[in-house]
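# Structural overview
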Amino acid sequence: MTESAAPIDVDRLSGIDPAAADQQLNDKVGMKLLEATAERVVGTIPVEGNLQPYGLLHGGANAVLAEALGSTVAALNAGPGRAAMGLELSCTHHRAVRSGTVTGVATPLHVGRGTITAEIVLTDDEGRRTCTARLTCVVRDRPPGA
C-alpha cells in the first residue's frame, strides 16, 4: 500500500474545530492517513518515537491509532450535521513491535442512528496482526454553529 499523493483533509472529514487543528495527538504520534471512505479508513504510525520503556511499541500508541481511525470511519458514517464521539475503546495486544511501521484498518461493524461501532485491525510490516481494537462512538446532532 502506498501513501496517497495529496494529504487527506481529516479536519474537514471529521469536523475538527479549526482552533484545535494544530493540537492533534495524531500529529504527535506521527500518524499518516492513507485512505478514508465510509467503508474503510487506513492509517499508519511509526514505531520509532512511540516506544514504552522496554523498547516496544507503547500500547497507548496502538490505542491512539485505533481511536483515530475508528473515529474517522464513524464520522464519515454519521451523516451531515451529526458528530461521532468515542464512547468505548477496547484493545487486545497480540504481538510486540520493536521497529518499522504499524498499519491500521478500520471498518464499520454497526452503523446506527445513535451509535457506530468499528473494528480496527493493526498489523506490522510483515502483515502480522499486532492488535485488534473495537471502538464504539455515540452519534449526536451537532450544536448550531458548530
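Notes on the structure follow. (Residues numbered from 1 in each chain as written. Predicted model: local features only at pLDDT ≥ 70, side-chain atom pairs only at ≥ 80, totals over all residues. Heavy atoms only, no water.)

## Here's the deal with the overall build of the chain
- Helices and strands together make up the secondary structure of the chain, namely three helices and six strands.
- The helix and strand sequence of the chain, counted from the amino end, reads α-α-β-β-α-β-β-β-β.
- Here the chain holds 146 residues, and the buried ones make up 38% of them.
- Residue pairs at least 24 apart in sequence account for 64% of intrachain contacts in the chain once pairs closer than 6 positions are excluded.
- Approximately 8100 Å² of the chain is accessible, and the part contributed by carbon and sulfur atoms is 50%. (Helix = DSSP H or I, 4+ residues; strand = E, 2+ residues; numbered from the N terminus. Buried < 20%, exposed > 50% of the residue type's maximum accessible area, 1.4 Å probe, protein only. Contact = heavy atoms within 4.5 Å. Areas by Shrake-Rupley, 256 points an atom, 1.4 Å probe, with all protein chains shown as cover.)

## Structural notes on the pattern of salt bridges
- Evaluated as defined, the whole model comprises four salt bridges.
- Through salt bridges that share partners, D124, E126 and R128 make up one connected network. (Salt bridge = Lys/Arg side-chain N within 4 Å of Asp/Glu carboxyl O.)

## Observations regarding the nonpolar core
- Of all hydrophobic cores here, the largest spans 29 residues; its most connected members are M31, I45, L57, L65, L69, V102 and I120.
- Mapped by element, the contributors of at least two residues to this core are strand 2 (41-46), helix 3 (59-78), strand 4 (101-111), strand 5 (115-123) and strand 6 (129-141).
- Per-element tally for this core: the top contributor is helix 3, with nine residues.
- Once residues lying within four places of it in the same chain are set aside, the contact partners of M31 are N26, T44, I45, L65, A68 and L69. (Core = buried A, V, L, I, M, F, W, Y, C linked by side-chain atoms within 4.5 Å.)

## Quick notes on the pairing of strand 1 (residues 32-36)
- As paired strands, strand 1 and strand 2 are joined by four bridges and run antiparallel to one another. When the sheet's bridge partners are listed, E35 is paired in strand 2 with V42.
- As consecutive antiparallel partners, strand 1 and strand 2 are separated by four residues. (Pairing = 2+ DSSP bridges.)

## Let's talk about the sheet that holds strand 1
- Spatially, 1-2-4-5-6-3 is the arrangement adopted by the six strands of the open sheet, whose pairing is antiparallel. Of all strands in the sheet, those with a lone pairing partner are strand 1 and strand 3 (82-93), marking the two edges. The sheet shows a mean angle of 20° between the axes of neighbouring strands, taken without regard to direction.
- Where strand 2 and strand 4 come together, six bridges link them in antiparallel fashion. Within the sheet, the bridge partner assigned to T44 lies in strand 4 and is T103. (Axes fitted to C-alpha atoms, helices over the stretch in contact; angles between N-to-C directions.)

## A short note on the environment of G30
- Locating G30 in the fold gives a position in the loop between helix 2 (25-28) and strand 1.
- Apart from residues lying up to four places away in sequence, G30 is in contact with T44, I45 and P46.

## Some details on the pairing of strand 5
- Strand 5 sits mainly inside the fold: seven of its nine residues count as buried.
- Note that strand 4 and strand 5 share eight bridges and pair antiparallel. Note on strand 5: the bridge partner recorded for T103 is T123.
- Two successive antiparallel strands, strand 4 and strand 5, enclose a turn made up of three residues.
- Between strand 5 and the antiparallel strand that follows it, strand 6, lie five residues; G127 among them carries a positive phi value of about 80°.

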